Amino acid sequence: MADKDIDITKEEGGDTITFKATLPDHSDEAELVLSNISDNLYNAHHTGVPKSMGGKGVGTALVKAMSEDARDLGYKVVPGCPFVEAWFKRKPNWAKMAAAEPELFTK
C-alpha cells in the first residue's frame, strides 16, 4: 500500500495535537498523539494502529507526517512513545526535523 492511499489529518485542541490516519474501505482509525510540555515542545506519547490496519505503513505515515509538521511549524518532539523513538533511530533525517535532541537518534 502506498502512502498516497493513507489519509492523514491533524487535529489540535487545547494542549494536544492528534494525527489521525484512515485507509480506503476501512472503518478503523489510527492515531499519533502529542501533548504540549513547554513552548514549542511536545511529547509524542501515543501511537495506536488497529490490527486491521497493521502492516500497511500507517504508523510510519503518522510519524512522517508529525516530523514534517514539526519541521514546518518549528516545534520539537520528545519521543515518549517507543514506536516514535524507533522510527527516529531508523530515520535520522526525521529526528533532525523533529526531535528535541536529534543527536540521540542520529549517531
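Scroll up a little and you will see the structure.
Definitions and cut-offs
- Residues numbered from 1 in each chain as written.
- Predicted model: local features only at pLDDT ≥ 70, side-chain atom pairs only at ≥ 80, totals over all residues.
- Heavy atoms only, no water.
- Helix = DSSP H or I, 4+ residues; strand = E, 2+ residues; numbered from the N terminus.
- Rg over C-alpha atoms; globule rule 2.2 N^0.38 Å.
- Contact = heavy atoms within 4.5 Å.
- Core = buried A, V, L, I, M, F, W, Y, C linked by side-chain atoms within 4.5 Å.
- Buried < 20%, exposed > 50% of the residue type's maximum accessible area, 1.4 Å probe, protein only.
- Pairing = 2+ DSSP bridges.
- Axes fitted to C-alpha atoms, helices over the stretch in contact; angles between N-to-C directions.
- Arc of directions from axis to C-beta.

Help me out: how do you make sense of the overall build of the protein in this one?
Per the secondary structure count, the protein includes 3 helices and 5 strands. Start at the N end of the protein and walk to the C end: the helices and strands fall as β-β-β-β-α-β-α-α. At 13 Å, the protein has a C-alpha radius of gyration in line with the 13 Å of a compact globule built from 107 residues. Referenced to the eigenvectors of the C-alpha coordinate spread, the extents of the protein come out at roughly 40 × 35 × 20 Å. A sequence separation of at least 24 residues applies to 44% of the contacts in the protein between residues at least 6 apart.

Got a minute to help me understand the nonpolar core in this structure?
Considering soluble globular proteins, one finds that nonpolar side chains tend to be buried as a cluster. By size, the foremost hydrophobic cluster in this structure holds 30 residues, and its most contacted members are Phe19, Leu32, Leu34, Met66, Tyr75, Val77 and Phe88. Elements supplying a minimum of two residues to this core: β2 (16-22), β3 (30-38), β4 (41-48), α1 (58-73), α2 (82-90) and α3 (92-98). The dominant element in this core, judged by the number of residues it contributes, is α1, at 7 residues.

Help me understand the environment of Asp15, please; the structure alone is not making it clear to me.
Assignment of secondary structure puts Asp15 in the loop between β1 (7-13) and β2. Not counting chain neighbours up to four residues away, the residues in contact with Asp15 comprise Leu34, Ser35, Asn36 and Tyr42.

Honestly, the sheet that holds β2 in this entry has me stumped. Any pointers?
Picture the strands of a sheet paired through backbone hydrogen bonds; they go either parallel or antiparallel. Strand order across the open sheet formed by 5 strands is β1-β2-β3-β4-β5, with mixed pairing between neighbours. In this open sheet, the two strands that pair with only one neighbour each are β1 and β5 (76-78). The mean angle between the axes of side-by-side strands here comes to 30°, regardless of whether they run parallel or antiparallel. The pairing of β3 with β4 spans 7 bridges and is antiparallel. Counterpart to Val33 in the pairing with β4 is His46.

When you look at α2 in this model, what are you seeing that I'm missing?
Since the α-helix packs 3.6 residues into each turn, any two residues three or four apart lie on the same face. Regarding α2, the residues found buried are Val84, Trp87 and Phe88. The buried residues of α2 occupy an angular sector of 105° when the element is viewed end-on, so they sit on one face. Of the exposed residues in α2, the ones pointing more than 90 degrees away from its buried face are Pro82 and Arg90. Contact partners of the buried residues in α2: β3, β4, α1, β5 and α3.

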